[in-house]
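One-letter residues, chain by chain:
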Amino acid sequence: MSDLVSINPATGDILWKGKASTPDEICAALHVASQAFEAWSNLRVDTRVQFIKQFQTKLLEKRESFAELISKEVGKPLWESLQEVEAMVEKVKISIEAYDERCSLKKHLKGMTTISTAYKPHGPCAILGPFNFPGHIPLGQIIPALIAGNTLVFKGSEQAPLVGFKLTELLEDLPSGVFNYLTGAKDVGHALAISPYIKGVFFTGSYQGGKELAKALGPLPNKILALEMGGNNPLVISSIEDHETAAYLTIASSFLTSGQRCSCARRLILSEGKQEDEFLKVLSHMIDMIQIGPYTQDPEPYMGPLISNKSADWALDVQKQLLSSGGISLNLMKRTRNKLPFLSCGLIDVTDISDRKDEEVFAPLLKVIRVKNFKEAIKEANNTEYGLCASLLSANAKEFELFFNQVNAGVINWNVPSTGASSLAPFGGIGKSGNYHPSGYYATDYCSYPVASITTASLFLPKTLPPGITLLVNT
Ligand code: SIN
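Caption draft 1: Highlighting empty space enclosed by the protein. As enumerated under the stated definition, the model contains five cavities of 30 Å³ or more in all. Estimates place the volume of the largest cavity at around 70 Å³. Lining the largest cavity we find 13 residues, and of these Val74, Lys76, Thr257, Gln260 and Pro305 sit closest to its centre. The class makeup of the residues in the lining of the largest cavity is five nonpolar, six polar and two charged. For the lining of the largest cavity, the domains that each give at least three residues are domain 1 (3–229 + 434–454) and domain 2 (233–414).

Below, the structure is given as structure tokens:
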């Protein structure tokens, strides 16, 4: 199998060199996950939860070093990696609550019978994680899947293998075979997903990646497939007087994690007008002042580098194409350090480009689209095949009511950034963004399946027999 290299994107230093998991290693992981399933799924939920709490204690102890590893491997500032680790710690409690609420045994008495719904785990499942939240996003599936009684084979992003190793170390108290970690790229993920051992596949990544996976699993409809595939998210601004706050919320929507969040706003939609022109000036000014640098910089920056030079080059290329098709740059996205993937934030007015590409640009590049009025803004917000997040900044509650009712997305926010999804709510989208298996609080739903039973302790005859049936005792 191919070589795998983990690179600190802020310095270009090699952090680790290794090999992607070989077919034999993939087989071995699948085999042990399958063998461990019976014993793990037969444990009481409380016992499984105890194992998860042990993991939580260890994570809390390693909170700082784990956060530093995230920063080192994917480039986020330390304050942001610490937030990621906090969210991971919180995830344990929330996942337990979610399981209790959504998957506990439900019973109804009907005459002599009890009608019940219980939840069973699928079996060994594959989790295919992204680089941008190398800890939090996979953990949001790992914890609910383990609580439900599944065993797991986790393949982290090939761009963040070390975080995956660390996560595995923190889960080492689980019984042998319950959690298994593989490294590698798409080919390893696909080999896992199509294996007959695997009953469920939980993927977070690009639309292209999700689509390829769905295609590979097309002939295997017996597997549950949960896809989270990003977005081309709109941020609509209307009736706003506080330009600085609106500019801050726009920055937090679009440039957090250097624009490498699925929830980032990619299209800023606002009306033509003097107020809006003024707002754009304020925004442009504040963008110029954003601090970008390595996580080791003191004082800490707002943003770090992109994950790789390849990613940065691609984003710069997208900007170039937009400029050559009539886009007007308000802030030019530029490389700020030679040969490293640090990019400044770009703001580009694309209103005059008639055939705008509907794509997710995973980088700090925000497209501005000017419209005539709020009605047109909603139309423009829906001018995408994606449907993950949408946010409205407006002082007018009626506008939010309209926005909520008419915009097609799985997350619809008002006066807060499009980023910063809450673990207390579902996180997933429609169209090219997902396949109706949201994660977040609802990840627990796809980690088990409901089993219906109608039961009674002894045999009994109905009070009235149906026509045509005669009991022998009456003959
Ligand atoms: C993501 O899934 O990329 C980010 C969600 C968030 O902004 O919290």
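Caption draft 2: Layout of the site of the ligand. Neighbouring residues of the ligand: Asn132, Phe133, Ile137, Glu228, Arg261, Cys262, Ser263, Thr419, Gly420, Ala421 and Phe427. Taking Asn132, its side chain carries an N or O atom lying 3.1 Å from an oxygen atom of the ligand. Between an oxygen atom of the ligand and a main-chain N or O atom of Cys262, the distance comes to 2.7 Å. If the ligand stood free it would expose 260 Å²; the protein chains cover 92% of that surface. When atom positions are compared with the pocket grids, the ligand is found to occupy the second largest pocket. When its residues are assigned to classes, the shell around the ligand shows five nonpolar, four polar and two charged. Taken domain by domain, the makeup of the shell around the ligand includes at least three residues from each of domain 1 (3–229 + 434–454) and domain 2 (233–414).

Parameters and conventions
- Residues numbered from 1 in each chain as written.
- Predicted model: local features only at pLDDT ≥ 70, side-chain atom pairs only at ≥ 80, totals over all residues.
- Heavy atoms only, no water.
- 1 Å grid on protein atoms, 1.4 Å probe; cavity = no way out; pocket = protein on both sides within 12 Å on 5 of 7 lines; lining within 4 Å.
- Points joined across faces, edges and corners; volume = space filled by probe spheres on them.
- Nonpolar A, V, L, I, M, F, W, Y, C, P; charged D, E, K, R; others polar.
- Domains from an automatic or database assignment.
- Near = heavy atom within 4 Å.
- Polar contact = N/O pair within 3.5 Å; in protein donor to acceptor, adjacent residues only side chain to side chain.
- Areas by Shrake-Rupley, 256 points an atom, 1.4 Å probe, with all protein chains shown as cover.
- Sits in = over half its atoms within 2 Å of the grid points.

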